[in-house]
Amino acid sequence: MNRVYMDRFIDTIEWVAAFFVGIVAANIFLQVLLRNLFTYSIPDSYDFGRLMLGILIFWGIAATSYRGTHITVDLVWGNVGPRYQRMIDVFATLVLLFVVTVQTYTLFDKVMTTRSDNVLTFDLRLPTWPFFMLAWLGDVSAVLLIAVRTYRLIFHPDYMVDPAVGKEIKPVE
Amino acid sequence: MSTDAVAILGFIALFALMLLRVPVGMAMGLVGISGFSYLVGGAPALKLVGQTSMRTVTDYTFGVIPMFLLMGAFVTSSGMSRELFRTANNFVGHLRGGLGIATVAACGGFAAICGSSVATAATFSTVAYPEMRRYGYPQSFATGVIAAGGTLGAMLPPSTVLAVYGIITEQDIGKLFIAGIIPGLLAICMYMITIAIIGWARPGFLPEGKPTSWNERLASLKDIWAPLLLFIFVIGGLYGLPFLPRFTPTEAGGVGASGAFLIGVLSGRLNKDGILTSLLQATRTAAAVFTVLIGALLFGYFLTITQTPQKVTEFLTALGLGKYGVLALIMLMYLLLGCLMDAMAMIILTIPIIFPVITHLGFDPIWFGVIIVMTVELGLIHPPVGMNVFVIKSVIKDVSFTTIFKGVIPFIITDLIRLVILIAFPILALWLPSHM
């Protein structure tokens, strides 16, 4: 895939997660506001909140895995030359790819079980499996993005910048 | 192979993977599931991966983490730190070492609405450092104050590290946040006293700033009313102050994030770019923290099946050091680990093993949360790694690591004294939560 299209795809995945962070915050804020001002409760606010949290985290893991902003121990990496740094990065990314692939496989089983068990939300009695499926798609994206990261680390390390804002964003903590 | 041998091999593999820069959460998950699979079977181990991952990310209680991260990101993007520093400077800047005292006060104020040590240190490297240098403060002192002030982010509520500790140990996150208030205020006071002592002991070392009139001082208060109100509303709601709605920690985070967003937008300090960057930052950090949480839970199954926490408890209690001797040993271990990894990784990796020891010895879990966060925060400033020091160095290019570490030494001594005080008087951490 062309680099520009690939970067847009990566950005889109990240914006999906970022969008859901905003939605979760707005959902909580509205819920608190309505409960305290009008003693009204949004139906399924709790269930929607937790299900959207799941979606944002899995889509966020996809973006985080690609950007390499996971929590890591950099003691060895910080004390070796660029050649070894790259080798370490490739090894770590391959392990990451393996783990997330296994997770994605097992999560699909969880989505299917939830569907067959007909698990519903508390108030509106909506099926929860579509939310789980959406979250699972985030994990599928993670596998794709980590594969792209591995390819780029090996063949195009200069591509490993943040196209969303033009520079690397450091995590808050 | 015996379970003990599997456990030891598991820990060796875990540290090897982490040293090879495999993300901490992924390394814990991989080792945990491989070990569990070896001892119990592949099919149940794989079942655990899907179930644990989905259960963790859809747990409403865990929503406290992304929400407070988002609040911190909005606060940082809004540049509220400048007003806090300006106001503190107006009040104490004229004293000897006054700019240092103002930096500590502003770091405390910022930490109370941000919750991140690294963000606090990075922010004040750009806000307070140029000002201190302009007035002739030595580089070592200026950077040392910022590094130490940054650690307040993990102690004063809302603290992400305390929230994670609460999740792992199943303690009330609200109580943990509130327990951090007095130790956090104590830290601010002790840092200020340290600066005053430095100024008194070395009169030519720290200059005095320009005095400001009371009119200017009072006028500057109007710039900080909004973040102050946000803090009172969020933490007051969590504590259950009268006339305020009562929040759960997740709700407090959501309301705090929305409040920070509204203050930023209405005051014109949060533009579209700032909003988008904040959302991205919060998402990435939350995803990174949740990855470690999932990994820790998977690793926890491995620990349970190998009975590692029980064996560690038996081993430590059999040493005959007494409860405070064991506590000292544990804290020493954390200080050493602080040379290798960051606060969050340390907490998540070690607490499942150490926590049973602590409860077995009869220590209060809420108090221990405060103590352990203080200890790992020391790791943020002590040599040779010190994450805050690295952050400051990345922002201020013309200062060496040695200079920063030199400036940090008085504050490390202060922190050690504070640690002893809190161990001697647990009531300092437990008094406020006992009234919730």
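In short, a report on the structure. (Residues numbered from 1 in each chain as written. Chains lettered and ligands numbered in written order. Predicted model: local features only at pLDDT ≥ 70, side-chain atom pairs only at ≥ 80, totals over all residues. Heavy atoms only, no water.)

**Overview of the overall build of chain A**
Put simply, the test is: The helix and strand labels rest on DSSP assignments: H or I over at least four residues marks a helix, E over at least two residues marks a strand, and numbering proceeds from the N terminus. The classification of residues rests on relative accessible area computed with a 1.4 Å probe and restricted to protein chains. Under 20% of the type maximum is buried, over 50% is exposed, and intermediate values are partly exposed. Contacts are assigned to residue pairs that have any heavy atoms within 4.5 Å of one another. The sign given to each residue is positive for Lys and Arg and negative for Asp and Glu; His and the chain ends receive no count. Think of each charge as sitting on NZ of Lys, CZ of Arg, CG of Asp or CD of Glu.
Each helix and strand counted, chain A has four helices and zero strands in total. The linear arrangement of helices and strands in chain A, starting from the amino end, is α-α-α-α. Considered along the principal axes of its C-alpha atoms, chain A spans approximately 60 × 35 × 35 Å. Looking at the 173 residues of chain A, the share that counts as buried comes to 47%. Expressed as a percentage of contacts within chain A between residues at least 6 apart in sequence, the contacts between residues at least 24 apart total 76%. A gap of 4 Å separates the mean positions of the 14 positive and 15 negative side-chain charges of chain A.

**Looking at the packing of aromatic side chains**
Residues and elements named next belong to chain B. Quick note on the threshold: Two aromatic rings, drawn from Phe, Tyr or Trp (for Trp, its six-membered ring), form a pair once their centres lie within 6.5 Å of each other, and the interplanar angle then sorts them: stacked below 30 degrees, edge-to-face above 60, tilted otherwise. To sit over a ring, a charge needs its Lys NZ or Arg CZ within 6 Å of the ring centre and within 35 degrees of the ring normal.
For the structure shown, the criterion picks out 21 aromatic pairs over all chains. Between Phe110 and Phe124, the aromatic rings sit 5.7 Å apart at their centres with planes inclined by 80°, giving edge-to-face as the arrangement. In this pair, Phe110 is assigned in helix H6 (residues 98-114) and Phe124 in helix H7 (residues 117-127), connecting sequence segments 14 residues apart. Here Phe141 and Phe205 contribute two aromatic rings whose centre-to-centre distance is 6.5 Å and whose plane-to-plane angle is 85°, an arrangement assigned as edge-to-face. Highlighted residues: Phe141 in helix H9 (residues 139-150) and Phe205 in the loop between helix H13 (181-201) and helix H14 (214-221), separated in sequence by 64 residues. Accessibility classification places Phe141 together with Phe205 in one group, the buried group. The cationic tip of Arg217 hangs over the ring face of Trp214; the distance from NZ or CZ to the ring centre is 4.6 Å.

**Here's the deal with the nonpolar core**
Residue and element names in this part refer to chain B. Threshold: Side-chain atoms within 4.5 Å are what join buried Ala, Val, Leu, Ile, Met, Phe, Trp, Tyr and Cys residues into a set we call a nonpolar core.
Core analysis: the largest hydrophobic core is formed by 198 residues, its most contacted members being Ile65, Phe124, Phe141, Trp367 and Phe368. For this core, the leading source of residues is helix H17 (residues 272-306), giving 17 residues. Excluding anything up to four places from it in sequence, Trp367 contacts Leu327, Leu422, Ile423, Pro426, Ala429 and Leu430.

**Considerations on the pattern of salt bridges**
Where charged atoms from two side chains of opposite charge come close, those side chains can pair. What counts is decided by this rule: Note on definitions: salt bridges are taken to be side-chain nitrogens of Lys or Arg within 4 Å of carboxyl oxygens of Asp or Glu.
Applying the stated criterion across every chain, the model contains 13 salt bridges over all chains. Where A:Glu14 meets B:Arg284, a salt bridge forms, and the shortest distance between an N and an O atom there is 2.5 Å. Of the two residues, A:Glu14 sits in helix H1 (residues 3-38) while B:Arg284 sits in helix H17, which places them in two different chains. Here A:Glu14 matches B:Arg284 in class, with each residue buried.

**Remarks on the packing of helix H4 (residues 64-78) of chain B against H6(B)**
Residue and element names in this part refer to chain B. We apply this condition: The convention used is that axes are lines fitted to C-alpha atoms, helices contributing only their stretch in contact, and that angles between N-to-C directions extend from 0 to 180 degrees. Note on angle classes: values under 35 degrees are labelled roughly parallel, values over 145 roughly antiparallel, values of 65 to 115 roughly perpendicular, and the remainder oblique. Residue classes follow a fixed rule: Ala, Val, Leu, Ile, Met, Phe, Trp, Tyr, Cys and Pro count as nonpolar, while Asp, Glu, Lys and Arg count as charged, and any other residue, Gly among them, counts as polar.
Relative to each other, H4 and H6 sit at 135°, their axes nearing to 8 Å. The pairing of H4 with H6 is recorded here as oblique in orientation. Counting all contacts with H4, which are made through Phe68, Met71, Gly72, Val75 and Thr76, the residues of H6 involved are Phe110, Ile113 and Cys114. Here the residues of the contact of H4 with H6 are counted per class, giving six nonpolar, two polar and no charged.

**Here's the deal with the interface of chain B and chain A**
For clarity, the cut-off: Accessible area, probed at 1.4 Å, shrinks when two parts are joined; the buried area is that loss added up over both. Any pair of N or O atoms that falls within 3.5 Å is considered a polar contact. Within protein, one atom must be able to donate a hydrogen and the other to accept it, and sequence-neighbouring residues count only if both atoms are side-chain atoms.
Counting residues at the interface gives 67 residues for chain B, matched by 61 residues for chain A. Together, the buried faces of chain B and chain A total about 5700 Å²; carbon and sulfur atoms form 75% of this surface. Per-residue buried area on chain B facing chain A is highest for B:Arg21, B:Tyr60 and B:Arg284; these three make up 16% of the total on that side. Across the pair A:Arg35 and B:Glu251 runs a salt bridge whose closest N-O atoms are separated by 2.6 Å. Linking chain B to chain A there are eleven residue pairs in polar contact (both at pLDDT 80 or more). Here the side of chain B that touches chain A takes 16 residues from H17(B), the largest share from any one element. Residue composition of the side of chain B that touches chain A, grouped by class: 44 nonpolar, 16 polar and seven charged.

**Quick look at the environment of B:Tyr165**
All names here are of chain B. Tracing the backbone shows Tyr165 in helix H11 (residues 160-169). For the pair Tyr165 and Lys47, spaced 118 residues apart in sequence, the C-alpha to C-alpha distance is 26 Å. Ignoring any residue separated from it by four or fewer positions in sequence, one finds Tyr165 in contact with Leu176, Ile347, Ile351, Phe355, Pro365, Phe368, Gly369 and Ile372.

**Some remarks on the packing of H6(B) against H9(B)**
All names here are of chain B. Heads up, the rule is: When the near helix sits turned anticlockwise from the far one by under a right angle, the crossing is termed left-handed; a clockwise turn instead gives a right-handed crossing.
Where H6 meets H9, the axes come as close as 9 Å, and the angle between the chain directions of the two elements is 20°. Here H6 is positioned roughly parallel relative to H9, judged by the angle of their axes. Note on packing geometry: the crossing formed by H6 with H9 is right-handed. Here Gly100, Thr103, Val104 and Cys107 of H6 come into contact with H9, specifically with Phe141, Val145, Ile146, Gly149 and Gly150. Grouping the amino acids of the contact of H6 with H9 by side-chain chemistry returns five nonpolar, four polar and no charged.

**Focus: empty space enclosed by the protein**
Where we set the bar: Whether a set of points on the 1 Å grid over the protein atoms alone is a cavity depends on a 1.4 Å probe fitting there but being unable to get out, while an open set qualifies as a pocket with protein on both sides within 12 Å along at least five of seven lines; lining residues are those with an atom within 4 Å of a point. Grid points are joined across faces, edges and corners, and a volume is the space filled by probe spheres set on the points.
All told, the structure shown has four cavities of 30 Å³ or more when counted by the stated rule. Volume-wise, the largest cavity comes out at about 120 Å³. Residue lining of the largest cavity: A:Ser65, A:Gly68, A:Thr69, A:His70, A:Thr72, A:Asp89, A:Ala92, A:Thr93, A:Leu96, A:Arg149, B:Arg21 and B:Pro23, and that is the complete set. The leading source of residues in the lining of the largest cavity is helix H3 (residues 82-116) of chain A, at four residues. Looking at the lining of the largest cavity, its residues break down into three nonpolar, six polar and three charged. One number sums up the size of the second largest cavity: a volume of about 40 Å³. As for the second largest cavity, its lining consists of B:Thr151, B:Leu152, B:Met155, B:Ala187, B:Tyr191, B:Met374, B:Glu377 and B:Arg418. Of all elements in the fold, only helix H10 (152-155), H13 and helix H21 (365-378) of chain B reach the threshold of two or more residues within the lining of the second largest cavity. Residues belonging to the lining of the second largest cavity are distributed by class as follows: five nonpolar, one polar and two charged.

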